[in-house]
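Read off the chains here:
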Amino acid sequence: MPADEHVTVPQTLRQRRRAAATREILDAAEQHIAQSGPAALSLRAVARGLGMTVQALYHYFPSREALVTELIAKAYGDLADAVQAAVDTAPDGTAPDEPGLPRLVIAAEGYRRWAVAHPERFQLLYGTPLRDYAAPVEGPTTQAMRRMSSIFEREMFDGFTVAQLAAAETPALSPELRAYLEQLPHYGPGRLPPPATALLLSAWGHLNGLVILEVFGHASFLGGHQAEIFRLAMRNLLDDVHRQIPASASASASTSAGAGAGAGISG
């Protein structure tokens, strides 16, 4: 056997039973959230729904915070799966109803569809923060969120070099913001230059804000046209981002030099 080949050790009967019970508890907690909302989540309510005591539930989740953390991580994971599946299943990387639709738009629409289909679980991620809950630093919720970020980063900046992204024509970043963006943890295949990180964060706020408005019922005046408006917004968003990234880093440097220091463009 090669030295680097991993051997999968079968789970014991006790481990399999624990995994099955944990899944059942999470399913019951998600059902409770769907019926009553995230704020009403409690170990007692989940235990009651399963016909077990709170003390028995403590063997799997020692606190409400531990259960919430697992639910948030699972929701992020399911949402990321939906986004990735939307991109993977689009024929030739395009939407069946619109050939040539950018993959970033397809990914965004997968995000929106999951959120609309699971509003209570989406609210657990982006709704009013739960009282007395704080996600563990560098815990499972952070890791799950990073996976989501890497998908959108890949689809937004695919095909651009680091030099092009560094030369993106964003409004000049203050030294303090540039330094802060430099030290942010990175989730994609390569480290983004500060101008590209600023573009990604701005685009993310726009995308997620539109979804939040719809999920929370603030876009109902659009009736059945919400999906079309969202697609239009995402196409415009991507066009705006790509307009700020030069065709080549050298061309951007030449343009910036000709424009002079008063142009307010960072290089």
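This text gives an overview of the structure that appears in the document. (Residues numbered from 1 in each chain as written. Predicted model: local features only at pLDDT ≥ 70, side-chain atom pairs only at ≥ 80, totals over all residues. Heavy atoms only, no water.)

## Quick look at the side chain of Arg112
So, step 1. Along the polypeptide, Arg112 turns up in helix α5 (residues 103–117).
So, step 2. Contacts of Arg112, omitting those with residues within four sequence positions, involve Val211, Glu214, Gln226, Ala227 and Phe230. (Helix = DSSP H or I, 4+ residues; strand = E, 2+ residues; numbered from the N terminus. Contact = heavy atoms within 4.5 Å.)

## As for the pattern of salt bridges
For side chains of opposite charge, pairing can occur when their charged atoms come near one another.
So, step 1. Evaluation of the coordinates by the stated rule reveals 11 salt bridges.
So, step 2. Salt-bridge contacts for Arg121 lead to Glu30; the nearest nitrogen and oxygen are separated by 3.1 Å. Separated by 91 residues along the polypeptide, Arg121 in helix α6 (residues 119–126) and Glu30 in helix α1 (residues 13–36) bring together distant segments of the chain. Each member of the pair Arg121 and Glu30 is classed as buried.
So, step 3. Arg147 is paired through a salt bridge with Asp81; the nearest N and O atoms lie 2.7 Å apart. In this pair, Arg147 sits in helix α7 (residues 140–157) while Asp81 sits in helix α4 (residues 64–89), placing the two residues 66 residues apart along the sequence.
So, step 4. Its relative accessible area of 40% is what places Asp81 among the partly exposed residues. (Salt bridge = Lys/Arg side-chain N within 4 Å of Asp/Glu carboxyl O. Buried < 20%, exposed > 50% of the residue type's maximum accessible area, 1.4 Å probe, protein only.)

## Overview of the nonpolar core
So, step 1. Leu67, Tyr111, Phe152, Met156 and Phe157 are the most contacted members of the largest nonpolar core, which totals 62 residues.
So, step 2. Every residue in contact with Phe152, bar those within four places of it in the chain, is listed here: Val83, Leu104, Ala107, Ala108, Tyr111, Trp204 and Leu207. (Core = buried A, V, L, I, M, F, W, Y, C linked by side-chain atoms within 4.5 Å.)

## Section: the environment of Val46
So, step 1. Mapped onto the elements, Val46 comes out in helix α2 (residues 43–50).
So, step 2. If we skip the residues at most four places from it in the chain, Val46 touches Ile25, Ala28, Ala29, Leu41, Leu57 and Leu67.

## Quick notes on the packing of α6 against helix α10 (residues 194–215)
So, step 1. For the pair α6 and α10, interaxial distance at closest approach is 11 Å and the crossing angle is 135°. Considered as vectors, α6 and α10 are oriented oblique to each other. Relative to α10, α6 is oriented so that their crossing is left-handed. Contacts between α6 and α10 involve Pro119, Phe122 and Tyr126 from the first element and Trp204, Asn208, Val211, Ile212 and Val215 from the second.
So, step 2. Taken together, the residues of the contact of α6 with α10 break down into seven nonpolar, one polar and no charged. (Axes fitted to C-alpha atoms, helices over the stretch in contact; angles between N-to-C directions. Parallel < 35°, antiparallel > 145°, perpendicular 65-115°, else oblique. Left-handed = near helix turned anticlockwise from the far one by under 90°. Nonpolar A, V, L, I, M, F, W, Y, C, P; charged D, E, K, R; others polar.)

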